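Observations on the three-dimensional arrangement
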Amino acid sequence: MIRIDALWLATTPIDMRMGTERLLAQVVQVFGSAQAHHGYLFANARGNRIKLLLHDGFGMWCAARRLNQGGFEWPLMASSNSPTRGHPKFPQAARSDYDASAWMAKRA
């Protein structure tokens, strides 16, 4: 099982043709480096495709998901009253504490 300690959501859409290297370049440009056990989640403008870039401590993983109907609910950057906050260098990123074990328990 891959451990995810933190999940960062990019709230601006990306070009879904981006692969691991270009997504990693965006993460490095914003955060300086990809942190071990952190996930970086990206979506397209329609909200029907997502990509997860994940550093597992040894290397990078890139996973993609597409919905045929409907879309993912994606947070927008809101006012400062909102619990969703951006990274100081990258206001289009929102951090979410993610408990993968709780998600896996729901699937069982």
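For every chain, the first residue of the written sequence is number 1, and numbering continues from 1 onward in sequence order. Per-residue local features of the predicted model are confined to residues with pLDDT of at least 70, and side-chain atom pairs are confined, for both listing and counting, to 80 or more; whole-chain, interface and lining totals are unaffected and use all residues. Working from all heavy atoms in the structure, the side-chain values ignore hydrogens and water.

Some points on unusual backbone geometry
Just so we agree on the cut-off: Each helix is a run of H or I in the DSSP string that is no shorter than four residues. Each strand is a run of E no shorter than two, and both are numbered from the N terminus. Note on classification: 1.4 Å probe, protein chains only; a residue is buried when its accessible area is under 20% of the maximum for its type, exposed when over 50%, partly exposed between these limits.
Of note in this structure, H37 is not a glycine but carries a positive phi near 65°. Relative to the helices and strands, H37 resides in the loop between α1 (20-31) and β2 (38-43). Overall, the relative accessible area of 17% leaves H37 in the buried class.

Let's talk about α1
Rule in force here: Helices are assigned an expected span. That span is 1.5 Å times one less than the residue count. As used here, the arc is the angular range of directions from the helix axis to the C-beta atoms.
The terminal C-alpha atoms of α1 lie 16 Å apart, and with 12 residues this matches the ideal 16 Å at 1.5 Å per residue to within 8%. By the burial criterion, the buried members of α1 are L23, L24, V27, V30 and F31. The buried residues of α1 occupy an angular sector of 125° when projected down its axis, which confines them to one face. α1 presents E21 and Q29 as exposed residues on the side facing more than 90 degrees away from its buried surface. Immediately downstream of α1, the backbone of G32 shows phi near 95°, a positive value.

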